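Residue-level listing of the chains:
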Amino acid sequence: MASYHFNSIEENWQKYWAENKTFKAENISDKPKYYVLDMFPYPSGAGLHVGHPLGYIASDIVSRFKRHKGFNVLHPMGYDAFGLPAEQYAIQTGQHPAITTHENIIRYRKQLDRIGFSFDWDKEIRTSNPDYYKWTQWIFIQLFNSWYNPKTNKAEDISSLIKIFEKNGYQSDKINFTKLEWRKFTEKQKTGELLNFRLAFLSEIMVNWCPALGSVLANDEIKEGVSERGGYPVERKLMSQWSLRISAYADRLLNDLETLDWTDSIKEAQRNWIGKSEGCSIKFEVDSNVLTQIPINNSGEIVKAPSKAKNSSVSFEAADKDTYHKLIKLAKTQKENPTKEEDILWKILRDRQFENIKFRKQYIINKFIVDFVSFEYSLILEIDGLIHSLPDNIISDENRTLILNELGFKILRFTNDEITNNVESVLNKIKDFIKYYKPSCNSTAEKGIKARSDNKEDEAKEIYTLENNIDNPIENSFFIEVFTTRPDTIFGVSYLTLAPENELVLQITHKDYLEPVLEYINTTKKRSERERQADVKNITGVFSGTYAKHPFTGKQIPIWIGDYVLAGYGTGAVMAVPAHDSRDYAFAKHFNLPIKEVVLPEKEVLLIGEDFGGASYDLKIGKMINSDFLNDLDVKDAIKKAIQTIEEKQLGKGKINFRLRDAVFGRQRYWGEPIPVYYDNGIPKTMDESDLPLILPKVDKYLPTETGEPPLARADNWQYKGNPLENTTMPGWAGSSWYYLRYMDANNTEALANKNAINYWQNVDLYIGGSEHAVGHLLYSRFWCKFLKDIGIVPFEEPFKKLVNQGMIQGMSMLIYRVNEENKFISFGLKDNYQTTPIHIDINLVSNNVVNIEGLKKWRPSEFQNAEFELEDGKLLCGNEVGKMSKRWHNVVNPDDICIQYGADTLRLYEMFLGPLQDAKPWSTQGIEGVHRFLKKTWRLFHNNANEDFAISQEEPTKAELKILHKTIKKATEDIENFSFNTSVSAFMVCVNELQDLKCNKLAILEKFIILLSPYAPHITEELYKLCGNQQSIEKAEWPLFNAEYLIENEFNYPISFNGKVKFNLNFALDKDLKEIENEVIANEQTQKYLEGKAPKKIIVVKGRIVNVVV
RNA sequence: GCGGAUGUGGCGUAAUGGUAGCCGCGCCAGACUUAGGAUCUGGUGCCGAAAGGUGUGGGGGUUCGAGUCCCUUCAUCCGCACCA
């Protein structure tokens, strides 16, 4: 008895492969290498569903094929083991996430093994293993120790930058110091400056804070305003964070896309994400006639922007003179007559030695007197119950907070009661704050200190300054700098628009317009990102009351504030050209602002001054008009000319802008790689490499501390060399950004991988995975690869040469319909007679859309036991819905179940047979029978049907049999190379059907055929190969060679068509003269019938293809 | 809105510019069987009894010939989402 017992066959061969290490990849080999990689799975608690293996099967087929072709194949698998779900589970249950993760991995491994993948399991890796994350931390240290040198266009050791500073100082738009100043800087100041250059750096930035997850999320982890995992709300928050300077690599990441064999859609997604735009910055002088906010210092003097040395600083003590004098007077009174509470707090602040922190009392900032302020920490302390502002001040408390926050200050408020009765709590709050918010040189406040240090000798003249974006401002002048890609349209500018978040807004707003402007800022702030995104059509904005001067014409241009301008892009300000930008157009229309055309479209000539029929002309094609020196130029030339002129006149300069933001690298989370950084007296330093790995410590709870610090702060003795260690951990993408390198030499303790191994395996030849990683993982991996190349670790620029995206396998949900507010369910066809709600039920309760009602009652007795059912034809029919395969919809299909019922070979073949790998498709088990039947047929070819014995013939194959075989060899080889797996499965079926028709059981044919089939169905083919008398695994067999001679035909049955429509067929020898064929076709009596007595105009004969008669 | 992809039987799909629907599911008929949910044979786009006609989302074009190339339009799916 030898029928096809797939269960035992599959189990035996899986054991054999494991024991014999059949798929071991050698790091030293004479064979050519081939590296096939699957995207790193995260071992979730739900296990694998049938969608996951789709890509793994495809990559496994390619791997096995390449081995047959004589390649040394690296085909590894491992786990991206850090991640939020395990941590969420840990928070809920208290179980260490390592335990959960380990259990999940065991389950994954069992499921993977069952499908018969040819992974080299000796190379398995887990990102949560200290042996692995040691090297993730090591890479982080290298990033910290590097900066990007734009001259050499690569990362270099930070020491080369320090040398530059020592020799030349540094000058740029935003950072300026001389070599002498550099030498005078304290260590802290130097650290701060260097952080502006390190590829891993600490900075204070707006982050996406998800309170529910207790974590910061990257932009690509947010979908539609909520977190991708869990769907929790996300808010914007200013935080001190580790980031990676991916923006330094923006150009290389963009340009090298061209070298990659990836799909256009992924490349396009990355291009969009990087978002390069070439243009020009232009400065608009704010009209001094209307600028009422004269910078004034504490003494009531007008402060001139310190010329030259700190030329980019503008005073922020902006209040008009009248207001200011009132303030000074008030401050003085308040200082002299402190309240009881004020006095208590002041004494504490003065006496309690907050290391190096100086607090000032009753200090004027902007239009306000604050109670206490520390500039080192940008911290304001306020005691409720005190008068905060001028008695007649129109600014509300809310707006006051807003303005102070806007200036980069954080505010701690205490009540009188708190100060009188619980001074310790007040003290602790301040201490906690100071501990959590490290002083950062990137914060606006810190820059103030920097500026201030120049005027040390004159305390009275201390001013709090803020750096802005203005280059070389002329004294007492005030500029708004915009970024535009259309400098050619400079003469079409009818207004400027600032983003509401733009720091300049508060400076330029006319005092009469302050209230509506503040109100507008507040409204836009309250609107969540989500609302703002969803609501593009709703145009909002407000006039600032101030005008700017056109740089060429000198004309007055109104300055508006509008939330259609993004604060984070360019300078957060635009020059609006409504005639040639649809967003500006919509805004101008809404507020009735002038529209001036300056580009004449090429084709349709529009009358000047006339509206463009409700739209703007945005294309960069046409001739310039109404544009002074640009007139009559083509747009493209005008752009060049405009930039040139603007640069000559020093009104701005050519600039390239990227949308790509630096990547936030810290998570307020436990289950991730600890960041190997400690704080020596507040200065961030990396650990010695020899002390790595920095092991994730034990904590009592996986939650933030009471003071809001990340869970690592709970660890005992979380210190290095007596200094506090960093409390945040690395994000999920850290470990997965370089894992492909670790597989090359997974157990190396000396390096992330041995140099020879890296040189042998090089980059990944084929990478298969879902397109959901288009911009996250794939961009970060490219970034790290380029960095590792710069520092000499890898010899290649790109990690993944060819990328194939498998389509998602969707789930088919089963829906039954409950009558609203009744416990009654209606069959699909009758549901329209009622008001119903669809309910998802377990797909196992349904076959052919018929619901098993008894099963349903057992599945959820509470819901269905006593329910009423309205049937059609005695059946309860359900509806279907295609969507995500998920536990939630009860539509998960587990590959284990398929393996038990049909076997792994059937599952593998079927997943490939479903359709093109790249296409998304809903999972349906309909059709799996056909694939299973095919395998049974294949098995029978090798067996005598009568007694089911293995029976194979040694006879010489016939020409017909060889033709079938070689046709299949050709198709199978081409299809694998084209990733067209579905068509090759179909070719195998054709082959078996035809061999069966010929009753062929010849070894010479069948043995070759099963080698072709073996990458797809490895178990059954191993078994048959062994039965054929082979001692070795089929894996070692050579791929059959295709011989075209067997396919040569000597005659062809030509379709005869008339005007392209086929009417009948005629048989001719293939070497027959084409003219003769033509003659015979004309002579044929059937032809005469279709000619209807007319003479043919023309006859086309294509050899071996077709005959077409033109009538 | 912009960008990308896809539209072919009841279903999954196939077709170097050359006979549209290969292969599989489902369905119909039959054979072998105590039985079949095993296996085998034949049929199966649609209309039509047949002859024949018609047919690849719609419209137009190029070509001797278009599912395939071009233009246009519609629908669905996926990205990006005011990037100046």
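Residues numbered from 1 in each chain as written. Chains lettered and ligands numbered in written order. Predicted model: local features only at pLDDT ≥ 70, side-chain atom pairs only at ≥ 80, totals over all residues. Heavy atoms only, no water.

A. Region of the structure containing the packing of helix α29 (residues 904-913) against helix α30 (residues 928-941). With their axes 9 Å apart at the nearest point, α29 and α30 run at an angle of 125° to one another. The angle between α29 and α30 falls in the class oblique. Two packed elements cross with a definite hand, and for α29 against α30 that hand is right-handed. For the pair formed by α29 and α30, the contact residues are D905, T906, L909, Y910 and F913 on the first element and I928, V931, H932, F934 and L935 on the second. When grouped by side-chain class, the residues that make up the contact of α29 with α30 number 7 nonpolar, 2 polar and 1 charged. (Axes fitted to C-alpha atoms, helices over the stretch in contact; angles between N-to-C directions. Helix = DSSP H or I, 4+ residues; strand = E, 2+ residues; numbered from the N terminus. Parallel < 35°, antiparallel > 145°, perpendicular 65-115°, else oblique. Left-handed = near helix turned anticlockwise from the far one by under 90°. Contact = heavy atoms within 4.5 Å. Nonpolar A, V, L, I, M, F, W, Y, C, P; charged D, E, K, R; others polar.)

B. Highlighting helix α31 (residues 959-977). With 19 residues, α31 extends 27 Å from end C-alpha to end C-alpha; this agrees with the ideal 27 Å at 1.5 Å per step. Buried residues of α31: E961, L962, I964, L965, H966, T968, I969, A972, T973, D975 and I976, and no others. Where α31 ends, the next residue or the one after it, F979, has phi of about 55°, a positive value. (Expected span 1.5 Å × (residues − 1). Buried < 20%, exposed > 50% of the residue type's maximum accessible area, 1.4 Å probe, protein only.)

C. View of the environment of S118. You can see S118 is positioned in the loop between α4 (97-114) and α5 (130-144). Considered as a pair, S118 and S63 are 55 residues apart in the sequence and their alpha carbons are 7.7 Å apart. Setting aside its immediate chain neighbours within four residues, S118 contacts F23, D60, S63, R64, R67 and H75. Polar contacts involving the side chain of S118 include one to the side chain of D60, which spans 2.6 Å. (Polar contact = N/O pair within 3.5 Å; in protein donor to acceptor, adjacent residues only side chain to side chain.)

D. Spatial organisation of the pairing of strand β20 (residues 495-498). Side chains of β20 alternate between two faces, with Y495 and T497 and L496 and L498 buried alike. Judged from the 4 bridges that link them, β20 and strand β23 (residues 573-576) form a sheet pairing that is antiparallel. Following the sheet pairing, L498 is matched in β23 by A573. As paired elements, β20 and strand β22 (residues 556-562) share 3 bridges and run parallel to each other. Within the sheet, the bridge partner assigned to L498 lies in β22 and is I561. (Pairing = 2+ DSSP bridges.)

E. Here's a closer look at the protein's contact with RNA strand B. Around RNA strand B, a shell composed of 44 residues is seen, among which T485, R583, L914, R933 and R1105 lie nearest. A share of 61% is what sugar and phosphate atoms reach among the atoms of RNA strand B within 4 Å of the protein. T484 has a polar side-chain atom sitting 3.1 Å from a sugar or linking oxygen of RNA strand B. Contact distances for RNA strand B include 3.4 Å between a phosphate oxygen and a side-chain N or O atom of K936. Residue assignment for the surface near RNA strand B shows that the elements contributing at least two residues are α10 (264-274), β19 (479-484), α30, α32 (981-997), β44 (1051-1058), β45 (1061-1069), β46 (1098-1102) and β47 (1106-1110). Of all the elements, α32 adds the most residues to the surface near RNA strand B, at 6 residues. Along the lines of polarity and charge, the residues of the surface near RNA strand B split into 18 nonpolar, 14 polar and 12 charged. (Near = heavy atom within 4 Å.)

F. Summary view of the confidence of the model for chain A. Per-chain confidence: chain A averages 81 in pLDDT, with 85% of residues scoring 70 or above. Predicted confidence for residues 604-610 stays below pLDDT 50, and this span has 10 contacts to residues more than four positions away or in other chains. (pLDDT = per-residue confidence, 0-100.)

G. Structural context of the side chain of H75. Of note, H75 is situated in the loop between β2 (72-74) and α3 (84-93). A residue is classified by how much of its surface remains accessible, and H75, at 0% relative accessible area, is buried. A polar atom in the side chain of H75 sits 3.3 Å from the side chain of D38.

H. Summary view of the pattern of salt bridges. Summed over the entire model, instances satisfying the criterion amount to 42 salt bridges. Between K970 and E974 there is a salt bridge whose closest N-O contact spans 3.4 Å. Note that K970 and E974 are positioned in helix α31 at a spacing of 4 residues, about one turn of the helix. The partly exposed category is assigned to K970, whose relative accessible area is 33%. Exposure remark for E974: the relative accessible area of 35% places this residue in the partly exposed category. (Salt bridge = Lys/Arg side-chain N within 4 Å of Asp/Glu carboxyl O.)

I. Region of interest: the nonpolar core. I816, M912 and Y1016 are the most contacted members of the largest nonpolar core, which has 99 residues in total. In terms of residue count, the dominant contributor to this core is helix α33 (residues 1003-1013) (8 residues). With 92 residues, the next largest nonpolar core counts F140, V699, Y743 and W784 among its residues. (Core = buried A, V, L, I, M, F, W, Y, C linked by side-chain atoms within 4.5 Å.)

J. Looking closely at unusual backbone geometry. Cis geometry marks the peptide bond from L692 to P693; its omega dihedral reads 0°. Counting through the fold element by element, P693 comes out in the loop between β29 (683-686) and β30 (719-720).

K. Seen up close, the sheet that holds β45. Taking strand neighbours across the sheet as the criterion, the 4 strands line up as β45-β44-β47-β46 in an open arrangement whose pairing is mixed. Edge positions in the open sheet fall to β45 and β46, since each of these has one partner strand only. The sheet shows a mean angle of 20° between the axes of neighbouring strands, taken without regard to direction. Where β44 and β47 come together, 3 bridges link them in parallel fashion. Across the sheet, the residue bridging to S1057 is N1108, located in β47. Across the sheet, helix α35 (residues 1074-1083) lies against β44, β45, β46 and β47, angled at about 125° from β46, the strand it touches most.

L. Highlighting α32. The terminal C-alpha atoms of α32 lie 25 Å apart, and with 17 residues this matches the ideal 24 Å at 1.5 Å per residue to within 8%. Burial in α32 covers these residues: F981, N982, S984, V985, A987, F988, M989, C991, V992 and L995. Packed against the buried residues of α32 are α2 (53-68), α29, α30, α31 and α33. Looking at the residues trailing α32, positive phi occurs at K999, about 50°.

M. Inspection of the state of the cysteines at higher detail. All chains considered together, the criterion is met by 0 disulfides. Here C991 stays free of any disulfide, with the sulfur of C1000 as its closest cysteine sulfur at 8.7 Å. For C991, a relative accessible area of 1% translates into the label buried. (Disulfide = S-S within 2.5 Å.)

N. Structural view of the sheet that holds strand β1 (residues 33-38). Strand order in the open sheet formed by 4 strands is β2-β1-β32-β33, and the pairing between neighbours is parallel. Only two strands of the sheet have a single partner each, and these edge strands are β2 and β33 (800-805). Along the sheet, successive strands turn relative to each other by an average axial angle of 20°, direction set aside. Sheet topology note: the strand β32 (residues 764-769)/β33 ladder contains 5 bridges and is parallel. Following the sheet pairing, L766 is matched in β33 by K802. Strands in contact with helix α25 (residues 777-790) are β32 and β33; relative to β33, the strand with the most contacts, it is inclined by about 175°.

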